[in-house]
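Observations on the model geometry
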Amino acid sequence: MICLFNKVNEVINLIISLRSPILRQTCVLYCLLLCFLLTNANTALAVKESSDLLKQPVTEIKVSLGNAANELKFEPNNLEFITGKRYLLRLNNPSQLKHYFTAKDFADGIWTQKLEAGKVEIKGAIHELELKPGAEAEWVFVALKPGKYGLRCPIPGHTEAGMTGEIVVH
């Protein structure tokens, strides 16, 4: 991007140095037209990409927060995703305790299409989910940023008891 700005700056300096006002105006018009065409092309590509993502089938992954024996763990506790793919993360809490699904850095590196919990659909930035006993949630997203991310339940004593995991995005 910096390289592009440097080139634009060079073109502007070249246009300014032209002595003929008509030639200067013609160059400015061509530059404006070129910028307009490039902007529209980028917008069209972004719209096409996002509509392609929504047409992509979802890969479903189920995660339990705790279990019926009230063990403090995520099942499974190692999750793997691929960038650019659409996922449905189906979360449930079969235990008698409330639990959190907390993975802020992971959540910052995805695009959330929607999150459904009960009769509520949530859109936008999501960093943490609290699931009360018996609760279920469906999180539809696209992984965007590769990396390794920590997963934990921050309720006092839960992380220390082993309610942790790892999320890897390739």
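What comes next is a walk through the structure. (Residues numbered from 1 in each chain as written. Predicted model: local features only at pLDDT ≥ 70, side-chain atom pairs only at ≥ 80, totals over all residues. Heavy atoms only, no water.)

Time to look at the sheet that holds strand β7 (residues 120-122). Backbone hydrogen bonds hold the strands of a sheet together, and the pairing may be parallel or antiparallel. Ordered in space as β2-β1-β4-β9-β6-β7, the 6 strands form an open sheet in which the pairing is mixed. A single partner strand is all that each edge strand has here, and the edge strands are β2 (74-75) and β7. The sheet contact formed by strand β6 (residues 110-117) and strand β9 (residues 136-143) spans 6 bridges and is antiparallel. Bridged to I110 within β9 is A143. (Pairing = 2+ DSSP bridges. Helix = DSSP H or I, 4+ residues; strand = E, 2+ residues; numbered from the N terminus.)

What follows concerns the nonpolar core. V63, F81, L89, F101, F106, W139 and I167 are the most contacted members of the largest nonpolar core, which totals 30 residues. The dominant element in this core, judged by the number of residues it contributes, is β9, at 4 residues. Contacts of F81, omitting those with residues within four sequence positions, involve I61, Y87, L89, F106, F141, A143, I167, V168, V169 and H170. (Core = buried A, V, L, I, M, F, W, Y, C linked by side-chain atoms within 4.5 Å. Buried < 20%, exposed > 50% of the residue type's maximum accessible area, 1.4 Å probe, protein only. Contact = heavy atoms within 4.5 Å.)

Counted according to the given criterion, the structure contains 9 aromatic pairs. Relative to F106, the ring of F81 has its centre 5.6 Å away and its plane inclined at 25 degrees; by these criteria the two rings are stacked. Of this pair, F81 sits in strand β3 (residues 78-81) while F106 sits in helix α3 (residues 104-108), placing them 25 residues apart in sequence. Residue F106 is classed as buried on the basis of its relative accessible area of 1%. Plain terms: the ring middles of W139 and F141 are 6.0 Å apart, the flat faces sit at 65 degrees to each other, and that makes the pair edge-to-face. (Phe/Tyr/Trp six-rings, centres within 6.5 Å; stacked < 30°, edge-to-face > 60°.)

Going from E75 to P76, the amide bond is cis rather than trans, its omega being -5 degrees. Among the secondary structure elements, P76 is positioned in the loop between β2 and β3. Here N70, not a glycine, exhibits a phi torsion of approximately 60 degrees, which is positive. Positionally, N70 belongs in the loop between β1 (59-65) and β2. Residue classification places N70 among the partly exposed residues on the basis of a relative accessible area of 31%.

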